[in-house]
Amino acid sequence: MERPYIICHMLTSLDGKIIGDYLKVERAGDFTDVYEKIHERYGTKAWMCGRVTMEEHFTFGHKLDLLYENIPSIPRTDYVANKNAESYAIAVDPTGKLGWMENSIESWNEHRTDDHIVQVLTEQVSDAYLAHLKKIGISYIFGGKEQLNFTVVVQKLKKLFSIDKLMLEGGGFLNGSFLNEGLMDELSLILVPIADGASNSVTLFETSTFLNKPKPVNFFLKEVEKLDDGGLWLKYVTKRE
């Protein structure tokens, strides 16, 4: 296979929400811990999140001062700063907004190691942002001129960084894009026994306006594991094994 085996690993409420007030309930914290332990059990070399998730949990809204003058034009070619990292954090950030100050994500809990950052960009990113990434040693790859083609992205991740297994961890529009391109091999779903009920919360799979109308995707149940306190770990594949 020219791309990694891709596992979408997510936690949702009973009504399919991946964000919302239900996550603030004390009971939900136990399932978040289970989610992290299962992430570790998969033993993937790389995990991927979108810009909003990365900004919320890792750059914390930090804005870079990139108003530099006389920045030379930088070719829109992939840049590999570390091809031998033990693990990678793949950040989908099409126009370059994340305010990274270091080239790796340090362990923020006991379950994850330091991860070398790889930015996924479009060619709309500024020269100043690319110069910043190079300066601090963050790898980056291009997935398209104006919009991302994730088939191209995941093929590059395998070719440039030897990533054979990738854990996709949302948000909903990122998950939906992978689903739409037929890039999902497995779904690992932690079902929290809490209903969110909000009409504006993001669900497990969302569709962007620029995508073609998505086709229904069949999932086949691989395994069910009952968790403490009424939760479930559901494992599906997109092709019958």
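Definitions and limits used
For every chain, the first residue of the written sequence is number 1, and numbering continues from 1 onward in sequence order. In keeping with the predicted nature of the model, local features appear solely for residues at pLDDT of at least 70, side-chain atom pairs appear and are counted solely at 80 or more, and the whole-chain, interface and lining totals rest on all residues. Each side-chain value is worked out from all heavy atoms of the structure, with water and hydrogens disregarded. UniProt positions are given in the numbering used here, feature names are shortened, and annotations may be inferred rather than shown by experiment. A run of H or I in DSSP counts as a helix once it spans at least four residues, and a run of E counts as a strand once it spans at least two, with each numbered from the N terminus. Each radius of gyration is computed over the set of C-alpha atoms, and the globule rule expresses the reference value as 2.2 Å times the number of residues to the power 0.38. Buried means the residue's accessible area, taken with a 1.4 Å probe over protein chains only, is under 20% of the maximum for its type, while exposed means over 50%, and partly exposed covers the values in between. Whether two residues are in contact is decided by their heavy atoms: any pair within 4.5 Å suffices. Methods summary: accessible areas were calculated by the Shrake-Rupley approach with a probe of 1.4 Å, and residue burial reflects only the protein chains presented. Residues scored as positive are Lys and Arg, those scored as negative are Asp and Glu, and His as well as the terminal groups of each chain are ignored. Where a charge lies is defined by one atom per residue type: Lys uses NZ, Arg uses CZ, Asp uses CG and Glu uses CD. Two N or O atoms count as a polar contact when they lie within 3.5 Å, although within protein this holds only if one can serve as hydrogen donor and the other as acceptor, and sequence-adjacent residues are included solely when both atoms are side-chain atoms. One side-chain nitrogen of Lys or Arg within 4 Å of one carboxyl oxygen of Asp or Glu is enough to make a salt bridge. Marked domain ranges trace back to an automatic or database domain assignment. When two parts are put together, the accessible area they lose, computed with a 1.4 Å probe and summed over both, is reported as buried area. Charged means Asp, Glu, Lys or Arg here, nonpolar means Ala, Val, Leu, Ile, Met, Phe, Trp, Tyr, Cys or Pro, and polar covers whatever is left, Gly included. For two strands to be treated as a pair, DSSP must find no fewer than two bridges joining them.

The protein goes by Bacterial bifunctional deaminase-reductase C-terminal domain-containing protein in an unreviewed UniProt entry, where it is assigned to Niallia nealsonii. Heading Pathway (unreviewed entry) of the UniProt record for the protein holds this comment: "Cofactor biosynthesis; riboflavin biosynthesis."

> Describe the overall build of the protein, and please don't skip the residues or the numbers.
Of regular secondary structure, the protein possesses five helices and 10 strands. A compact globule built from 241 residues should have a C-alpha radius of gyration of about 18 Å, and the protein, at 18 Å, falls within 12% of that. Among the 241 residues that make up the protein, the fraction classed as buried is 46%. For the protein, contacts bridging at least 24 residues in sequence account for 75% of all contacts bridging at least 6. Carbon and sulfur atoms form 49% of the exposed surface of the protein, whose accessible area is close to 12,700 Å². For the protein, the centre of its 27 positive side-chain charges and the centre of its 35 negative side-chain charges are spaced 7 Å apart.

> Residues and numbers for the side chain of Asp185, please.
Structurally, Asp185 is set in the loop between helix H5 (172-180) and strand E8 (186-191). Within polar-contact distance, the side chain of Asp185 engages the side chain of Arg3 at 2.8 Å. Sequence-distant contacts of Asp185, that is, excluding residues within four places in its chain, are made with Arg3, Pro4, Tyr5, Ile6, Tyr236, Val237 and Thr238.

> Quick rundown of unusual backbone geometry? Include the residues and the values.
Geometrically, the link from Gly170 to Gly171 is a cis peptide bond, its omega value of 5 degrees lying close to zero. Structurally, Gly171 can be placed in the loop between strand E7 (165-168) and H5. The phi dihedral of Phe60 falls on the positive side, at around 55 degrees, and the residue is not glycine. On the secondary structure map, Phe60 appears in the loop between helix H2 (51-59) and strand E3 (88-92). At Ser162, a position not held by glycine, the phi torsion is positive, near 55 degrees. Within the secondary structure, Ser162 sits in the loop between helix H4 (150-161) and E7. The exposure class assigned to Ser162 is partly exposed, which follows from its relative accessible area of 44%.

> Just give me the short version of the pattern of salt bridges, but keep the residues and values in it.
In the structure shown here, the tally under the stated rule is 12 salt bridges. A salt bridge links Asp229 to Arg27; the nearest nitrogen and oxygen atoms lie 2.8 Å apart. Here Asp229 is found in the loop between strand E9 (220-226) and strand E10 (232-237), whereas its partner Arg27 is found in helix H1 (residues 26-42), with 202 residues between them in sequence. Judged by relative accessible area, which is 43%, Asp229 ranks as partly exposed. Among the ionic contacts, a cluster of salt bridges with common partners joins Arg51, Glu55 and Lys63.

> Go over the domain arrangement of the protein, please, and point to the residues and values.
You can read the domains of the protein as domain 1 (1-45 + 164-240) and domain 2 (49-147). A straight line from the C-alpha centre of domain 1 to that of domain 2 covers 24 Å. Taken residue by residue, the interface counts 13 residues in domain 1 and 14 residues in domain 2. With both chains or domains summed, domain 1 and domain 2 bury close to 1,000 Å², and 51% of this area falls on carbon and sulfur atoms. Put simply, domain 1 and domain 2 have zero salt bridges between them. Residue composition of the side of domain 1 that touches domain 2, grouped by class: four nonpolar, three polar and six charged.

> Got a sec to walk through the environment of His132? Specific residues and values, please.
With respect to the element layout, His132 can be found in helix H3 (residues 127-136). Residue His132 is classed as buried on the basis of its relative accessible area of 10%. Apart from residues lying up to four places away in sequence, His132 is in contact with Leu64, Leu66 and Trp100.

> So, the pairing of E7: which residues are in play, and what are the values?
Here four bridges tie strand E1 (residues 5-12) to E7, and the two strands are oriented parallel to one another. Residue pairing for E7: Tyr5 is matched across the bridge by Lys165. Of the strand pairs in this sheet, strand E2 (residues 46-50) and E7 are connected by three bridges, and their pairing is parallel. Each residue of the ladder has a partner; that of Trp47, found in E7, is Met167.

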